[in-house]
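So you can see what is in the structure, the chains are spelled out below.
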Amino acid sequence: MSRRGGGRRPDPGRDQQPPSPAVGGGRGRGRGGGRGRAPPAQVPGSIGAQAPSPAPAFPPLTNPSSSRPVPPPSARPQGVPAASPAAVASSFSSVQKLAGEVQGKLLVSEPTASRAAAPVSSKAIALPRRPGYGTIGRKCMVRANHFLVKVQDIEIRHYDVTITPTVTSKKVNRDVIATLEKLYRQSHLGNRMVAYDGMKSLFTAGALPFESKEFEVKLESDNQPGPSGAPRKERLFKVAIKLASQPDIGHLLRFLDGTQRDMPQDTFQALDVVLRHNPSAHYTVVGRSFCSISLGPKGTLGDGVEYWRGFYQSLRPTQMGLSLNIDVSARSFYEPVPVMDFISKNFRIQNLSRPLSDQDCIKLKKAMRGVKVRMDNGQFARIHKVTGISSKPANQTMFLLEEQNTTISVAQYFLQKYKIRLNYPSLPALQAGNAPKLYYLPIELCTIVEGQRYTKKLNDRQITALLRATCQRPQERERNIVKVVAEKSFKDSDIVQQFGIQVKPQPALIEARVLNPPMLKYDGSGREANVSPQMGQWNMINKKMVNGGRVDYWTCLNFSSLNNDFPIDFCGELIDMCNSKGMLFNKNPLVPIRSERPQHIEKALTDVHYQATQQGRELQLLIIILPDFSGSYGTIKRICETELGIVTQCCQPKQASKFSKQYMENLSLKINVKVGGRNTVLNDAVQRRIPLLTDRPTIVFGADVTHAQPGEDSTPSIAAVVASMDWPEVTKYRGIVSAQARGEIILDLYKEDPARGGAPGGMIRDLLLAFYKSNRIKPHRILFYRDGVSEGQFFQVLLHEVDAIRKACLSLEQGYLPRITFVVVQKRHHTRLFPEDHQNRGTTDRSGNILPGTVVDTSICHPTEFDFYLNSHAGIQGTSKPSHYHVLLDENGFSADGLQVLTNNLCYTYARCTRSVSVVPPAYYAHLAAFRARYYIEGTASDGSSSGERGATGMAREVQPLPEIKDNVKNVMFYC
C-alpha cells in the first residue's frame, strides 16, 4: 500500500487526544436482544413532559420564504438538491402536523399541547420489544465467549443476613459466614450449603430448618488492620439470618422464553451468587473479575505497580437461555515492595537522606493513604492501614510515651524500644489509626502488603505496558477463555450441583451477518469521487475532500527544541498537503512563524492573538509544535478555546520531524473539519436513500458523561452532547459541554434559569436552535446515541433524559414533539466474537478478527428487547470488541435492519481517519468533547474537597461551571 495514501488508524495521536471509547462506555452487564414484534411507537404515554409556559417559537428566518442556502460548488457535494421555497415554507406546518400525530400515539386523553408528567417509577416503563431480526448481509457463524447455563426448577430460599458489629469488608463478611457454615452446617443448617454475596443476601437450595435465627461466630486474630488501621484482635460477631423470599425458577424460565416481560431479579441474583461463590472464596475479587497470581504470571507496570491476571464472570439472560459470560482480564495491584522503593519509583528521588519537599509530602500522603503495610521492628511484624503521614520528619515527630509519661520522637522511640537506629530519620513517618490513638511507622521499616488493588489512574506508560502485556490475538484469547472454564470445573463444584446448575464447557456457536460497507462520496474534482471501503479502511489517493475548508489567517508556534527553520519547512509541507486534498489554504501566515520556550506558553499564545487582532483579523487556525515533554497540551487547549477563541492543531515534535506524508495527510483531515469543512459523506445520504434519516429532517445526537478517576473527588463529572448540523449528510457535529456533580444522568439537557425569570435553556435546546439556523428547518426526528450507561441505569436515564429532551422541544414551540429514538451504546462489556474457523482467511481480517460489519442480534442478545452487537471496525492488534447497542425508546419505528445498517454506515464517517471506527461517531465525538473539557478544569479544584460531596451542613457543594468555549470555536469540530 502506498505510503502516501495508506489507510489510517483511528486517532494516531497527532493531536494528543484521550483514549478511544473502546475502554469506556457503559459499565456493568450489558443486556441482549429479544423476540417478537411491536408497533413503531413505543412506551405509550409513559415518558412525558409538561409543556414549559410560555413556549417561545423558533426564531423566525431572516427571509422565511427563502430556500435553504445553496453552498457554492466548491463547498457542496455533487448531487445534493437544494430545498425549494415551498418545502421550507411548509416545514413549519408539516412539523406541527407530525407533532400532533406523535402526541396522538403517545398520549391517552391528553390535550395536543401538553404531555403527561413523567412517571415516578421505572415500573411504568417497558423497553421496546425487538421488531424482528435483521436479514441484510452475508450470513456466517461466529463463536462467542458465552457458555450455556441450564438450571433445574428447584426450590431456592433467599435469606437476609445481618452481621453485628457491621463491617464493610466483603472478605471479612465471607470469612464470618464461612466460619458459621463450618460450625453449624450439620447441627443447625440442615446440612445445606449456603451461597453468600458478601453483603446482605444468602441463598440455599431448599429451606433451612428455621425462618429466623441468630448465631455467634468468633474470628481469630489474623494480624490484619482494623478500621482504625491498627492490627485486629480476636473478634466476636453476631449473625442474624432471616427468611426474605422464595425466588421462582419458573418465573425466570418464562422470562427467558419470552412469555413473561419482567425478569425476576431475585432469582437471577441467586444463580449469579451461586456461580460466583467458589471463585470469591479463592481469588481476589475486583468488581466482577477474579484475580490471583495462581491464574498466570504477574508483571510490572512501573512506578511500584504490577498487574495480576484473572478472569471476568457474569451471568446474563439471553435468547438461548442463561449464559455465563467469561473473559480473561488483568487488573493493577500495588507491588509488594519496601515503601522506600515505592517512593523512589514514584517520585524519582535518588537521595532519600534529605527531607522531602512539601509538594512531595502531599504526593506521598495521597499515594499511601489507604494502603496496607507490614512493619517489621525486628521482634514481630504487624500489618497496618496507612491513614496519613506525619507533618515533620521522624526525628522531629513527638508523641507521649504513656508508660514513662514523657515526650519522645519516633526515631528515639525505635532506638530505645527495639534498638533500631533509623537510617533515614529525615523522612516523615507513616500514620496508622486515628486521633487520639495514632501509630507512627518509620517508612524504612515498612513493606507494602501483597494483593492490594491499585485503584488510582494509571499513567500513559503504565497503560501502554498493561495493554502490551495483555494483548492477545483472537485464537489465543479464545483458547485461554475455554481453559478458564475447564479449570473452574463447575461440574465438580458441590454448591453448583446442589443448586441444580450445569455449565456447558464449549463456547456458543451463533449466527451472524456481515453488512456491506457504504459507498463514500468525495469531491468530483478528484480522480476518484466515490470509494467503497475494503476491510473497514480506504485511503485518500486520487481523492479530494467533499467540502474543503478555507484558511486565510493562520500562524505557527514552535515550543519544541527543533531548530527555528523546522516549523517553516513543516508548515510548508502541511499546507501543500491540505491544498492537494481540496482545501484552500493561504501559504502566507498572518503572524510570522516563531519558536518560543515552553515556559512561556501562555504569554506566547496571548502575543500571537494580540498581533492578529492588531491587524483587524482573527486567526482561523494556530498550528502548534508541542514541547518535547508532556503536560502542556491541556493548558494550550484551555487558553485558546475558552480565552482567546483560537482553533488549534497540536503536533508532536517526534512525529512532525519525520515529515511523513501519511502523518501530513492525517493532519489535513483533522484541520479540515476544524475549519468547517467535511472530509467525506455517505453517498446514500446525498441521494436521500437512507430510511428514517434522509426522507425527513433528522438530527443525530451523541452524548457521554466522563467521571474523575477514583480518589479524585474534587473533580466534577463532565457531560458532553454533540448534534449533527448538516442534514441530510449527517457528518458535521456541533458540541456542547457542561460540568456537574458526579453522576451519570446529564443534568443540563434542559434547564430553566431562575435568574432570568425561568427562561428556558440547556444543551438540547441550544443544539436544536443551531440545527435550525444551519438547515433553515426544524428536525422532524431525533436519533440519540447515548454512551456510558450501564444496564442498571437504563430506566433512570430513560425517565430523566428523554423527559428533558421533550421539555427542550416544547420550550421552542408549543406542540413541537419530534419523534425520538434513544439508543444506548455500550463498550465496557466483556462479550467477544471469534471466527468459527481461525484458519479461514475468507472470514477474518488481517489481524485474525471477525470481519468489519459483523452484526449479531440472536442467541446471546436479550430475550425480548431491541439490541444487537456490531463489530463495525477492522482489528489492528489484539481481539476486537464489538459495541453493544440497546434501544430504550423507538418512536420512529426502526426495523432491525434499518438501525443496524444505519449505525454501521455512520461508523465510516468518522472525521479523523480513513477507517471505520468501533463506536458510532456521534457517541465517539461526545466522548472526545467530554475529555477535552476536562482539560479546562485541570488543576483548578482544591486537593481536599469534592465538588459533589456534602459538607458539614449536609448541603452538596456547588460545582463550578466550565469556562465558556468561544462561539467561533463551538461552530466547528474543535474536539477532533
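Per an unreviewed UniProt entry, the chain goes by Argonaute 5 and derives from Linum tenue. Word for word, the UniProt comment on the chain under Sequence similarities (unreviewed entry) is "Belongs to the argonaute family. Ago subfamily."

K.L.:
Lay out the sheet that holds strand 33 (residues 733-740) in plain terms, naming residues and giving numbers.
P.N.:
Pairing within the open sheet is mixed, and its eleven strands lie in the order 33-32-31-36-37-41-40-39-21-1-38. Each edge of the open sheet is held by one strand with a lone partner, namely strand 33 and strand 38 (833-835). Strand-to-strand twist across the sheet, computed as the mean angle between neighbouring axes with direction ignored, equals 30°. In the sheet, strand 31 (residues 698-706) pairs with strand 32 (residues 717-724) via six bridges, with the strands oriented antiparallel. Within strand 32, the residue paired with valine 705 across the bridge is alanine 719. This element, helix 17 (residues 763-775), spans strand 31, strand 32, strand 33 and strand 36 (781-787) of the sheet and lies at about 25° to strand 32.

K.L.:
Can you explain the pattern of salt bridges? Please cite residues and give values.
P.N.:
One pass over the full model with this rule turns up 34 salt bridges. A salt bridge links arginine 288 to aspartate 272, with the nearest nitrogen and oxygen atoms 2.6 Å apart. Here the residue arginine 288 occupies a position in the loop between strand 8 (284-286) and strand 9 (289-291), and aspartate 272 occupies one in helix 4 (residues 265-282), the gap between them amounting to 16 residues. Of the residues examined, aspartate 272 reaches a relative accessible area of 9% and is grouped as buried. As a salt-bridge pair, arginine 678 and glutamate 729 come within 3.2 Å of each other at their nearest N and O atoms. Here the residue arginine 678 occupies a position in the loop between helix 15 (661-674) and strand 30 (681-682), and glutamate 729 occupies one in the loop between strand 32 and strand 33, the gap between them amounting to 51 residues. According to the relative accessible area criterion, arginine 678 is buried, its value standing at 8%. Overall, glutamate 729 belongs to the buried group, its relative accessible area being 3%.

K.L.:
Mind laying out the packing of helix 12 (residues 601-614) against helix 13 (residues 633-644), listing which residues take part and the relevant values?
P.N.:
Remark: helix 12 packs on helix 13, axes separated minimally by 10 Å, with the N-to-C direction vectors making an angle of 35°. Note on packing geometry: the crossing formed by helix 12 with helix 13 is right-handed. Between helix 12, through Ile601, Glu602, Leu605, Thr606 and His609, and helix 13, the contact on the second element is made entirely by Ile636, Ile639, Cys640 and Leu644.

The rules behind the values
- Residues numbered from 1 in each chain as written.
- Predicted model: local features only at pLDDT ≥ 70, side-chain atom pairs only at ≥ 80, totals over all residues.
- Heavy atoms only, no water.
- UniProt positions renumbered as here; feature names shortened; annotations may be inferred.
- Pairing = 2+ DSSP bridges.
- Helix = DSSP H or I, 4+ residues; strand = E, 2+ residues; numbered from the N terminus.
- Axes fitted to C-alpha atoms, helices over the stretch in contact; angles between N-to-C directions.
- Contact = heavy atoms within 4.5 Å.
- Salt bridge = Lys/Arg side-chain N within 4 Å of Asp/Glu carboxyl O.
- Buried < 20%, exposed > 50% of the residue type's maximum accessible area, 1.4 Å probe, protein only.
- Left-handed = near helix turned anticlockwise from the far one by under 90°.

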